[in-house]
Amino acid sequence: MNTHAPAQHTDVLIVGAGPTGLALAIDLARRGVDALVVERAGALFPGSRGKGLQPRTLEVLDDLGVHDAIRAAGASYPVGVIWQDGVRTGEHRMFDAAEPTEGAPYAEPWMVPQWRTQEILAARLAELGGEITFGRELAGIEQDPEGVTAAFVSGPPVRARYAVAADGGRSTVRRALGIGMTGETVDPSPMLVADVRIEGLDRDHMHVFPPAEGGGYLAIWPLASTDEFQVVAGFPEGTEPDLSLDGIRKVVGARSHLAPGDVTEVRWASDFRPRAAMADRFRDGRVFLAGDSAHVHSPAGGQGLNTSVQDAYNLGWKLAAVLSGEARASLLDSYEEERMPVAAAMLGLSTRIHRGEARRGEATRQLGIGYRTSTLAVETRHGLAEEALRAGDRAPDGVRGGLRLFDELRGTHWTLLTVGAGAGAGAEVPGPPDPSALPGLADVRTVRIPSYEAYGDGVFLIRPDGYVGWAGTTAEGLASYAATISG
C-alpha cells in the first residue's frame, strides 16, 4: 500500500464498476462532474447474474443515452416450457403480461445478460470522457469535513470531495465505515447460476425441469443475443454446488432429459444462498452507499440490479447540483430519505416472490415507485382524486401539442411543465414564471402542453431524475420551493 505517493484528485470517487457505479458515472459525466471509477477486478464482471431490466430502469437507461444499444442487445423474456421425463407438459410465464400505455411506453422486462449491460454502460461512459481504473483494491478510507481519502493495495491514494460505495454485497467501503447490514436468509438452500454452452434445447423458450424425487430445481434460459444459456439450479441445504464443467454436467444430466455431454462449455459460474439485507444507513458523512453495498436481494423478481441503477439515478443529479454550487449541501440528505424506503419495499417484494407469496406483476416493473413523503415533494393542489398524479410521483410520458414528454425531460435539466388552462391554444392564462426567476436552478426547460389526463391541469416542476418535485394549480409558491433547494 503506497501511502506516500501524491494523491490523485477527483470530485467523486466511485468504488465498483458494476451497473450501479457505471450508471452513476455516466450521470455525473454528462453533467460535467469529474468522477473516477475504481474496480478491484481486472475487468468488468463476466457473468449474466442480473439479466432482467424492468420498465422503469429502461426509462432511466433511455435518459442516460443507452436505450437503443440495450434494446439491440436483448429480448423479451421467453415463455417457459415445463419438461417431465423428456416430454413437454406445460408452459410457464415468468411475468404477468402488460401492454404499453401512452404514459408508460415500456411495459415488460427486457432480458440482457449483466455482462453485456455493463459493456454498454462502459462504452457510454467512455463516450462522455469518463474512465474506469481496474485492479484498484481498496485498502482503507478516511474522511474529514472537506473530503474523502481512499488508500489502495497498489497505486496512489485518491482524494475526492465525495465517495460512493458501489462495490457489492460484501462492500469493503461499507465495512471500513463500520455500517451494519441487517437482514435474513431468504432460503438456506444454495443455488448455482452458470453461463454455459449447451446442445439439445431450442432458444425460443426458457426450459423448466421441476424437481424429481431426491433431486432439485433446474431452469435453463437462453441468453439473448448470445449463443449461451444460463443454468440455475437449487440444492439441498448443507451441500456445496460443484461449479466445474463436470459438476454442472452432472446436474443437467441428472435433472433433465439432456446428456451430461450436451453441456459443452462453462463460461462463468457462481453459487449463492438467497438473502435479503439492508445497510443500517445509506450515508456516512461524505460517503454514500448504493446498489448491493446498500441492499442485497433474492434474485426472484429481478429487483436487485434495477433498484441499484435507480439508486445511482437518484444520487447523481444531487451530487452534481451540490458540487456545482447550484444546491445547498442538505440536498444530499434526501438520498437516504428517499431510497431507504424504496429499498426496503423492494427487498420485501423479492422475498415474497422467492417464497411464492407474490407474483411478478405490476410492482416488479417499478413504475409505481415514487417519493411522495420526501421533503423534496411539495403538493399545493387540493381535492385531488385518489388516482391523480401528485408531487413525488414519476412523471409520465405522452404526446400532446406535438411534443413527446420523455423527449422534453431527457437530459440533465429541470423541466417546468404547464398542462392545460389554455396552454398551446393561444389563450392568455397565468403561466409559470420565467425559469430565470427560479433561484438557484441553473438549468430549467419550460414546456407547455394542452390538457393531459395523466397529469391534470396545472404547473409541475419535474426533477432531473423524472419525478415531480412541485405541483400547483398556478405557479404561486414555486419560487419559494426552488429557494429551499438552491445553494
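Residues numbered from 1 in each chain as written. Predicted model: local features only at pLDDT ≥ 70, side-chain atom pairs only at ≥ 80, totals over all residues. Heavy atoms only, no water.

1. Some remarks on the overall build of the protein
Here is step 1 of the chain: Helices and strands together make up the secondary structure of the protein, namely ten helices and 28 strands.
Here is step 2 of the chain: In terms of overall size, the protein behaves like a compact globule, its C-alpha atoms giving a radius of gyration of 24 Å where 487 residues would be expected to give roughly 23 Å.
Here is step 3 of the chain: By its C-alpha atoms, the protein is 75 × 60 × 35 Å across when sized along the principal axes.
Here is step 4 of the chain: Here the protein, with 487 residues, has 55% of them falling under the buried criterion.
Here is step 5 of the chain: With an accessible surface of roughly 19,600 Å², the protein has 49% of that area assigned to carbon and sulfur atoms. (Helix = DSSP H or I, 4+ residues; strand = E, 2+ residues; numbered from the N terminus. Rg over C-alpha atoms; globule rule 2.2 N^0.38 Å. Buried < 20%, exposed > 50% of the residue type's maximum accessible area, 1.4 Å probe, protein only. Areas by Shrake-Rupley, 256 points an atom, 1.4 Å probe, with all protein chains shown as cover.)

2. Things to note about the pairing of strand E13 (residues 191-198)
Here is step 1 of the chain: Most of E13 is tucked away, with seven of its eight residues classed as buried.
Here is step 2 of the chain: Direction of pairing for E13 relative to strand E17 (residues 263-272): antiparallel, over a ladder of eight bridges. Residue pairing in the sheet places Ala194 in a bridge with Ala269 of E17.
Here is step 3 of the chain: When E13 meets strand E16 (residues 229-234), the two strands line up antiparallel, connected through six bridges. (Pairing = 2+ DSSP bridges.)

3. With respect to the packing of aromatic side chains
Here is step 1 of the chain: One pass over the structure, following the stated rule, counts ten aromatic pairs.
Here is step 2 of the chain: Ring centres 4.8 Å apart and planes at 55° place the aromatic pair Tyr371 and Tyr467 in the tilted group. Of this pair, Tyr371 sits in the loop between helix H8 (333-354) and strand E22 (378-379) while Tyr467 sits in the loop between strand E27 (458-462) and strand E28 (468-472), and the two are 96 residues apart along the sequence. In this pair, the class of Tyr371 matches that of Tyr467, namely buried.
Here is step 3 of the chain: A cation over an aromatic ring shows up here: Lys51 above the ring of Trp221, its NZ or CZ 4.4 Å from the ring centre.
Here is step 4 of the chain: Its guanidinium or amino end placed over the ring of Phe235, Arg255 lies 4.7 Å from that ring's centre, counting from NZ or CZ. (Phe/Tyr/Trp six-rings, centres within 6.5 Å; stacked < 30°, edge-to-face > 60°. Lys NZ or Arg CZ within 6 Å of the ring centre and 35° of its normal.)

4. Here we look at the pairing of strand E15 (residues 218-222)
Here is step 1 of the chain: Counting buried positions over the five residues of E15 gives five, a clear majority of the element.
Here is step 2 of the chain: Along E15, one buried face is formed by Leu218, Ile220 and Pro222 and the opposite face, lined by Ala219 and Trp221, is buried too.
Here is step 3 of the chain: Sheet topology note: the strand E14 (residues 206-209)/E15 ladder contains three bridges and is antiparallel. Looking at the pairing, Val208 lines up with Ala219 of E15.
Here is step 4 of the chain: Where E15 meets E16, five bridges bridge the pair, whose relative direction is antiparallel. Looking at E16, one finds that Pro222 is bridged to Phe229.
Here is step 5 of the chain: Between E15 and E16, which pair antiparallel and follow one another directly, the connecting turn spans six residues, one of which, Ser225, has a positive phi of 60°.

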